[in-house]
Amino acid sequence: MLLGVSASPATADSANTSANASDSPTVEEQRLDRAVPQEILRRSGFDGVAPGFARDLGRVRSYQAAERLVARQGQSLWRRAVERAQGRGPVTGDLSKDDDRPLYWARLGMTRALRAWEPRGFELGDARRQRLLGSLETTSRGQDTIRYPKGHRIKRVLVTGFDPFTLDRDTRISNPSGATALALDGTVVRTAAGPVRIETAVFPVRWTDFAEGEVERTLRRQLPRVDLFTTVSQGRVGKFDIERTNGAWRGGFGDNENLSSTGLVPVADPASQPQWTTTTLPYKDIVAADTGRFPVYDNTAVTEIPAGGTAPVQRPDGPTPGSTARAGGGGDYLSNEIAYRATLLRDRLGLHDRLPGGHVHTPVLQFGAGNTDPATGEVTDAEFVRNRVDIIAQVRRIVVTAVER
């Protein structure tokens, strides 16, 4: 998700403008009817998730029962995706277990069913439907099930990933950061520093959700309890980047709802908002370590408007004093924003000097040669799977390196 300042393909001027009524399918949900999502759902065995959820909704006779059903089935979807990714229980379908796309498309099937649901026996209303949709998003993304064992003999690590994005360019797209989250959630890794418990969550590629504080709601309780965190997203072709600096600027590229947002990253207490935040991950040690086949870089570049200036300037060695952010090392899209929000929250909680945290950009997940045309290509191939598996393994080793250092 490494995007620089760019023109937006969005269909609205601001992420604060809703493109859909709450009972109408969203732009994301409308993509479900394409052939590729249907094939992914069918070949993963997740094609029955949304129809089963819709049937269960049809039997609900109170709002309280709806709340319980939505939370239970949202958590069940997350758990099923994690178990599939980790090979616990049968892997249904012929898609490889490391595939993150079944979770994404099954969730959209559930949210579309919930939007269309007309309950019998009670009035739902827009506000209540929105609360149910919010619950489904939270539970099916692992955001409410981050749990660590008690005691001091185990290190606690938090890793976040993202949904697939740019799906109008290629509906087949997978996001290796989301796949990594599924593969690592709840796992215990033995390291030179002792055992490490990794918990994960996945975030949407939507400006509005970030503006409404989804990142802070999920992370605020967790950061004081963990020993290290890293947000993860997809970045540049063929390389990992440890992003040194994050900028307080939205560049306007269209999100998964084809909405755009340009301007200062909207956060609480904007009067104290810095233009830049920095990583506290041990980036020198990570770059020096042998973590896998992809090279890892300490990315120090930013785009700024220098103090007293008016035009953006690219700085290879980080921001200059008093400058205004126009892109962090991770660009000006939602990967930069989650890094900015997470590290700003770290600092506002007084954890800067004791909590290692920052952002890791993975290589772009590429299809194999001969399978690059979305109009004629297959939804998976051997090289595509190999690339994703190798990226997941390398993120795991980067996390281990960071904890050990």
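Residues numbered from 1 in each chain as written. Predicted model: local features only at pLDDT ≥ 70, side-chain atom pairs only at ≥ 80, totals over all residues. Heavy atoms only, no water.

Enquirer: Break down the packing of aromatic side chains for me, with residues and values.
Expert: In this structure the tally under the stated criterion is 9 aromatic pairs. Summarising the aromatic geometry, the rings of Trp117 and Phe122 are spaced 6.0 Å apart at their centres and angled 65° between planes, so their arrangement reads as edge-to-face. Trp117 sits in the buried class, given a relative accessible area of 8%. Its relative accessible area of 16% is what places Phe122 among the buried residues. Between Phe367 and Phe384, the aromatic rings sit 4.1 Å apart at their centres with planes inclined by 5°, giving stacked as the arrangement. Here Phe384 lies in helix α12 (residues 382–404) and Phe367 lies in the loop between β14 (357–362) and α12, a separation of 17 residues in the sequence. Each member of the pair, Phe367 as well as Phe384, carries the same accessibility label: buried. An aromatic cluster is defined as three or more aromatic residues linked by ring pairs; in this entry it consists of Phe165, Trp207, Phe253 and Tyr333. (Phe/Tyr/Trp six-rings, centres within 6.5 Å; stacked < 30°, edge-to-face > 60°. Buried < 20%, exposed > 50% of the residue type's maximum accessible area, 1.4 Å probe, protein only. Helix = DSSP H or I, 4+ residues; strand = E, 2+ residues; numbered from the N terminus.)

Enquirer: Go over the pattern of salt bridges, please, and point to the residues and values.
Expert: Between side chains of opposite charge, a pair can form as their charged atoms come close. Evaluated as defined, the whole model comprises 31 salt bridges. Arg250 is the salt-bridge partner of Glu337, the closest N and O atoms lying 2.8 Å from each other. You can see Glu337 sitting in helix α11 (residues 334–348) and its partner Arg250 sitting in strand β7 (residues 249–251), a full 87 residues away along the chain. For the residue pair Glu337 and Arg250, the accessibility class agrees, reading buried in each case. Glu304 is the salt-bridge partner of Arg315, the closest N and O atoms lying 2.7 Å from each other. With Arg315 in strand β12 (residues 313–315) and Glu304 in strand β11 (residues 302–305), the pair connects residues that are 11 residues apart, well separated along the chain. Each of Glu28, Arg107, Glu137, Arg141, Asp163, Arg206 and Asp209 takes part in a single network of salt bridges with overlapping partners. (Salt bridge = Lys/Arg side-chain N within 4 Å of Asp/Glu carboxyl O.)

Enquirer: Explain the environment of Glu404 to me, using residue names and the numbers behind them.
Expert: Positionally, Glu404 belongs in helix α12. We classify Glu404 as partly exposed; its relative accessible area is 32%. Expressed as a C-alpha distance, the spacing of Glu404 and Leu57, which sit 347 residues apart in the sequence, is 47 Å. Beyond its immediate sequence surroundings of up to four residues, Glu404 is in contact with Thr191, Ala192 and Ala193. Within polar-contact distance, the side chain of Glu404 engages the backbone nitrogen of Ala192 at 2.8 Å. (Contact = heavy atoms within 4.5 Å. Polar contact = N/O pair within 3.5 Å; in protein donor to acceptor, adjacent residues only side chain to side chain.)

Enquirer: Before we move on, could you go through the sheet that holds β11 and cite the residues and values that matter?
Expert: Pairing in this open sheet of 3 strands is antiparallel, and the strands run β12-β11-β13 from one edge to the other. Where the open sheet ends on each side, the last strands, each with one partner, are β12 and β13 (324–327). Taken pair by pair, the neighbouring strands of this sheet meet at an average axis angle of 40°, ignoring direction. Bridging between β11 and β13 involves 3 bridges; their strand directions are antiparallel. Each residue of the ladder has a partner; that of Thr303, found in β13, is Ala327. (Pairing = 2+ DSSP bridges. Axes fitted to C-alpha atoms, helices over the stretch in contact; angles between N-to-C directions.)

All quantities given are derived from atomic positions and should not be read as evidence of function.
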